[in-house]
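# Analysis of the macromolecular model
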Amino acid sequence: LRNGQPVLVPFYEQITQYGLDLQSIAGDWLWKLEMIHREINSGSFNALTAGFEYTFYGILDSAIDLGSIMEYSYEDREINTGVFDNDLFAGLRFGFNDVQSTQILAGFIVDTENQSKTVRVEASRRLGDSWKITGELQVFTSIDKDDPLQAFEKDDFLLVELARYF
């Protein structure tokens, strides 16, 4: 208290963190691994995301590439503060290989413990030399009452952005 009024004092806990990022490309496969170990005064935890993307090039004799993606995310904090503590992501990436760099990424995440699900779609395309349109759709479905995402269960959103570069 200062002059009888509450005062907010920022606190930035010091951490020590080690990380490892690995990526390997073997033919049409892309393998990924990201790991961290974080130590803080109140304890430590580990987290990882591991997965792959397999790309089908020139589907149906077109310029379009289709990547199938699978990733697993894990975190071992005792207090469930993270959203991706034991989750599986599956999705598709469409690369149109056109002059406008059109791309679409669509997928869903399932919590393997409580079956909460989210669906996400991202798309982008250049418009001429100076403009780009980007869209994101996020839908929260079947969110478990104890999931940290519960606070967002009714916050589905659609974002459309038009950007000019100069």
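Attention in this report is confined to the structure presented alongside it. (Residues numbered from 1 in each chain as written. Predicted model: local features only at pLDDT ≥ 70, side-chain atom pairs only at ≥ 80, totals over all residues. Heavy atoms only, no water.)

## Section: the overall build of the chain
Heads up, the condition is: Segments assigned H or I by DSSP are reported as helices when at least four residues long, segments assigned E as strands when at least two residues long, and all are numbered from the N terminus. The atom set for the radius of gyration is the C-alpha atoms, and the globule formula is 2.2 Å times the number of residues raised to the power 0.38. Each residue is assigned to one of three classes by its accessible area relative to the maximum for its type, calculated with a 1.4 Å probe on protein chains only: buried under 20%, partly exposed between the two thresholds, exposed over 50%.
Within the chain, the secondary structure is distributed over zero helices and nine strands. Listed by position from the N terminus, the elements making up the chain come as β-β-β-β-β-β-β-β-β. Computed over the C-alpha atoms, the radius of gyration of the chain is 20 Å, more than 25% above the 15 Å expected from 2.2 N^0.38 for a compact globule of 166 residues. Dimensions of the chain, computed from C-alpha atoms along their principal axes, come out at roughly 70 × 40 × 35 Å. By residue count, 21% of the 166 residues in the chain fall in the buried class.

## Here's the deal with the sheet that holds strand E6 (residues 103-111)
What holds strands together in a sheet is hydrogen bonding between their backbones, with the strands either parallel or antiparallel. How we decide: If DSSP finds at least two bridges between two strands, the strands pair. Axes here refer to lines fitted to C-alpha atoms; in helices the fit is confined to the stretch in contact. Angles between the N-to-C directions go from 0 to 180 degrees.
Pairing is antiparallel in the open sheet, where nine strands are placed in the order E1-E2-E3-E4-E5-E6-E7-E8-E9. The outermost strands of the open sheet, each flanked by one partner alone, are strand E1 (16-26) and strand E9 (157-164). Neighbouring strand axes in the sheet, compared pairwise and without regard to direction, differ in orientation by 10° on average. Where E1 lies against strand E2 (residues 29-40), eleven bridges are found, and the strand directions are antiparallel.

## Some details on unusual backbone geometry
One non-glycine residue, Asn-3, lies in positive phi territory at about 55°. The residue Asn-3 is located in the segment before E1 in this model. A relative accessible area of 76% places Asn-3 in the exposed class. Phi is positive for Asp-61, which is not a glycine, with a value near 55°. Mapped onto the elements, Asp-61 comes out in the loop between strand E3 (43-56) and strand E4 (65-75). Given the relative accessible area of 82%, Asp-61 is considered exposed.

## Considerations on the packing of aromatic side chains
Definition in use: Each pair of aromatic rings taken from Phe, Tyr and Trp, with Trp reduced to its six-membered ring, is defined by centres within 6.5 Å and is described as stacked if the planes are under 30 degrees apart, edge-to-face if over 60, and tilted in the remaining cases.
Applying the stated criterion across every chain, the model contains five aromatic pairs. Both rings, one in Tyr-54 and one in Phe-56, keep their centres 4.9 Å apart while their planes meet at 75°; by these two values the pair is edge-to-face. Given the relative accessible area of 21%, Tyr-54 is considered partly exposed. Given a relative accessible area of 41%, Phe-56 falls into the partly exposed group.

## Focus: the pattern of salt bridges
As a reminder of what qualifies: One speaks of a salt bridge when a side-chain nitrogen belonging to Lys or Arg is within 4 Å of a carboxyl oxygen belonging to Asp or Glu.
This model, assessed by the stated rule, comprises six salt bridges. Between Lys-32 and Glu-71 there is a salt bridge whose closest N-O contact spans 2.9 Å. Of this pair, Lys-32 sits in strand E2 while Glu-71 sits in strand E4, placing them 39 residues apart in sequence. Using a relative accessible area of 21% as the deciding quantity, one classes Glu-71 as partly exposed. Among the ionic pairs, Asp-98 bridges to Arg-125, the shortest N-O distance being 3.3 Å. Here Asp-98, found in the loop between strand E5 (86-95) and E6, pairs with Arg-125, found in strand E7 (residues 117-127); they are 27 residues apart in sequence, far enough to count as distant. Exposure remark for Asp-98: the relative accessible area of 25% places this residue in the partly exposed category. Through salt bridges with shared partners, a single network forms among Arg-120, Glu-122 and Glu-136.

## Overview of the pairing of E2
Joining the antiparallel neighbours E1 and E2 is a turn of two residues, in which Gly-27 adopts a positive phi near 65°. Examined bridge by bridge, E2 and E3 share twelve bridges and lie antiparallel to one another. Looking at E3, one finds that Arg-38 is bridged to Phe-45. Linkage of E2 to E3, two consecutive antiparallel strands, is achieved through a turn of two residues.

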